[in-house]
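# Examination of the molecular architecture
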Amino acid sequence: MKVTMIGTGYVGLVTGACFAEVGNDVLCLDVDARKIAILEAGGVPIHEPGLEPMVRRNIAAGRLRFTTDVAASVAHGTLQFIAVGTPPDEDGSADMRHVIAAAREIGRRMEAPKIVVDKSTVPVGTADRVQATIAAELAARGAAIPFSVASNPEFLKEGAAVDDFMRPDRVVVGATDPGAIAALRDLYAPFMRNHERLLVMDARSAELTKYAANAMLATRISFMNELANLAEAIGADIEMVRQGIGSDPRIGYRFLYPGVGYGGSCFPKDVKALQHTATQHGHPLALLAAVEAVNEAQKAVLVHKIVARLGEDLRGRTIALWGLAFKPDTDDMREAPSRVIVAALLARGARIVAYDPVAMDEARRIFAGESAVSFAASPLAACDDADALVVVTEWQEFRSPDFGELRRRLATGLVFDGRNLYPPPAVRAAGLEYYGIGRPGPR
């Protein structure tokens, strides 16, 4: 099938590459000429496991191409996927300018029937707006060209997006036009050879499904963080509690890990956008307001622990930081807890020595000009003569350190584990002073 992907950000690039991987003819459009040049050379401007070799493989096979030519992109695909960014506005709503601009260009330039698919995460009612925008452009031209609009939200996890796309647990299609439904069913058929996982519903339900999924996951995270703070106050161990409630099949273990809060490009933005939509329609979601407030407070929990142990004045103190990305297997630092933690420690006069397997280039850009932030070549090198180790991201290489070597390298044997990676008895047996999230502190 001929597919146009409008936008080569995280969602558009992964989606386009995966469609090409199963044999489709994909043309990806972006207005950023520098990004297109990188992609045409086989480079990938984001870190996502498995994506770069897939892009290179499909470029070489001629199934995946990139362009800045809007007219060419509209002419190419019978299926026109809109996968542009929808960043939050100041009021928390999703900024729809790029989505509507993409729809407008399709309406202005299409010369044959098209199926326009909203892949971006968009507010409820966007499919109707896209439909109206294209119809208005066609009317202005005096053109009577048939088209349909469908919603097809993405459910990709950063760090596992390629695998999520190639082996989806569900594909949601919001459409009423039988032709659009049939085309999308055909497009996704190679990803469902085991069993059918395509769910067809109306567009508004599909748009809400995306927001509801992310809001539910964010709620689980904030709930566990609230419970962790309570457990610590009353002398319980949240890890034991997590196992106790996770064993209930109605609850399950996933997204029950306490920590330093969620971040990234999806959960914070989508929780705000859903709240905005609900308020607009006279149904403010008090639960989500609490979820967001809890999350913002949780990002500072490790800072409070460090200050309680070392004092408010951290001048002359060096803090080793393991993990900068908001989660493992990505270099994404948008809304990352590490940014809040670093800023709070710098404000108190601390010096930061950080290590992250893939996000340090992004961190250098973010903290450019901060002379008190430096970067180490390895996790252990970050700890040399540091007053404390702060673990922020649960990368695999952080999971089983040599605690004896950590004790030898740290000037003061303090470990603040923001992801509960380590068993407290093992850490303390090495002579380290251990502080976790929702776990009893040193006695």
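First, a word on scope: everything that follows refers to the structure included in this document. Source: prediction; values computed, not measured.

### As for empty space enclosed by the protein
Tallied over the entire structure, the rule returns one cavity of 30 Å³ or more. Roughly 30 Å³ of internal volume is contained in the largest cavity. Lining of the largest cavity is provided by Asp118, Ser120, Thr121, Val122, Ser151, Pro153, Glu207 and Lys210. In the lining of the largest cavity, the residues fall into two nonpolar, three polar and three charged.

### Regarding helix H12 (residues 286-298)
Since one α-helical turn is 3.6 residues long, residues separated by three or four positions face the same way. Given a rise of 1.5 Å per residue, 13 residues ought to cover 18 Å, and the 18 Å separating the end C-alpha atoms of H12 matches this to within 8%. Of the positions making up H12, those classed as buried are Leu288, Val291, Glu292, Val294, Asn295 and Gln298. Take H12 and look down its axis: the buried residues cluster within an arc of 165 degrees, on one side only. Where H12 is buried, its residues contact helix H9 (203-234), helix H11 (267-280) and helix H13 (301-310).

### Examining the pairing of strand S13 (residues 414-417)
Every second residue of S13 is oriented toward a common face, with Leu414 and Phe416 on one face and Val415 and Asp417 on the other, all of them buried. Handedness of the crossover joining strand S12 (residues 388-391) and S13 through helix H17 (residues 403-409): right-handed. The parallel pair S13 and strand S14 (residues 433-435), bridged by helix H18 (residues 424-429), forms a crossover whose chirality is right-handed.

### Brief notes about the packing of aromatic side chains
Evaluated as defined, the whole model comprises 13 aromatic pairs. Relative to Phe267, the ring of Phe255 lies with its centre 6.3 Å away and its plane at 40 degrees, an arrangement referred to as tilted. Within this pair, whereas Phe255 is found in the loop between helix H10 (238-246) and H11, its partner Phe267 is found in helix H11, the two being separated by twelve residues in sequence. Taking the relative accessible area as the measure of exposure, Phe267 reaches 13% and is therefore buried. With centroids separated by 5.4 Å and ring planes inclined at 85 degrees, the aromatic side chains of Phe403 and Tyr422 adopt a geometry described as edge-to-face. Taken together, the residues span a long stretch of sequence, with Phe403 in helix H17 and Tyr422 in the loop between S13 and H18 at a distance of 19 residues. Per residue, the accessibility class of Phe403 equals that of Tyr422, and both read buried. Of the aromatic side chains, those joined through ring pairs into one cluster are Phe19, Phe81, Phe165, Tyr188 and Phe191. When the ring centre of Phe155 is taken as reference, the NZ or CZ atom of Arg170 above it lies at 3.8 Å.

### A word on the packing of H9 against H11
Packed helix pairs are characterised by how far apart their axes lie and by the angle those axes make with each other. The N-to-C vectors of H9 and H11 enclose an angle of 115 degrees; their axes lie 9 Å apart at closest approach. One finds that H9 runs roughly perpendicular with respect to H11. Both H9 and H11 take part in a crossing whose hand is left-handed. For the pair formed by H9 and H11, the contact residues are Leu208, Lys210, Tyr211, Asn214, Ala215, Leu217, Ala218 and Ile221 on the first element and Phe267, Asp270, Val271, Ala273 and Leu274 on the second. By residue class, the composition of the contact of H9 with H11 is ten nonpolar, one polar and two charged.

### Looking at the environment of Tyr422
Under the relative-accessibility criterion, Tyr422 is labelled buried at 1%. Between the C-alpha atom of Tyr422 and that of Ser400, which follows or precedes it by 22 residues, the distance is 7.8 Å. Tyr422 has contacts with Trp322, Val391, Phe398, Arg399, Pro401, Phe403, Asp417, Val427, Tyr434 and Arg439, leaving out every residue within four places of it along the chain. A distance of 2.5 Å separates a polar atom in the side chain of Tyr422 from the backbone oxygen of Phe398.

Analysis parameters
Residue positions are given per chain, counted from 1 along the sequence in the order it is written. pLDDT decides what is reported in this predicted model: residues at 70 or higher carry local features, side-chain atom pairs at 80 or more are listed and counted, and totals for whole chains, interfaces and linings draw on all residues regardless. Hydrogens and water are ignored here; the side-chain numbers use all heavy atoms of the structure. Buriedness of a pocket was judged along seven lines, with at least five required to meet protein on both sides within 12 Å; pockets are open sets of points on a 1 Å grid over the protein atoms alone, cavities are sets where a 1.4 Å probe fits but cannot get out, and lining residues have an atom within 4 Å of a point. Grid points are joined across faces, edges and corners, and a volume is the space filled by probe spheres set on the points. All amino acids are sorted into three groups, where Ala, Val, Leu, Ile, Met, Phe, Trp, Tyr, Cys and Pro are nonpolar, Asp, Glu, Lys and Arg are charged, and the leftover types, Gly among them, are polar. Segments assigned H or I by DSSP are reported as helices when at least four residues long, segments assigned E as strands when at least two residues long, and all are numbered from the N terminus. Helices are assigned an expected span. That span is 1.5 Å times one less than the residue count. With a 1.4 Å probe rolled over the protein chains alone, any residue whose accessible area is under 20% of its type maximum counts as buried; one over 50% counts as exposed, and the rest are partly exposed. What the arc measures is the spread of directions leading from the helix axis to the C-beta atoms. We call two residues in contact when some of their heavy atoms are within 4.5 Å. By definition, the crossover connecting two strands over a helix is right-handed if that path, from the first strand to the second, turns clockwise as seen with the strands pointing away from the viewer. By convention, a stacked pair of Phe, Tyr or Trp rings (six-membered ring in the case of Trp) has centres within 6.5 Å and planes under 30 degrees apart, an edge-to-face pair has planes over 60 apart, and any other such pair is tilted. Two conditions define a charge located above a ring, namely a distance within 6 Å from the ring centre to NZ of Lys or CZ of Arg, and an angle within 35 degrees of the ring normal. What counts as an axis is a line fitted to C-alpha atoms, over the stretch in contact for a helix, and the angles between N-to-C directions run from 0 to 180 degrees. Orientation is classified from the angle alone, with under 35 degrees giving roughly parallel, over 145 giving roughly antiparallel, 65 to 115 giving roughly perpendicular, and any other angle giving oblique. In this scheme, a crossing is called left-handed if the near helix is turned counterclockwise away from the far one by less than a right angle; it is called right-handed if the turn is clockwise. For this analysis, a polar contact is any N or O atom pair within 3.5 Å, provided that within protein one partner can donate a hydrogen and the other can accept it, and provided that sequence-adjacent residues contribute only side-chain to side-chain pairs.

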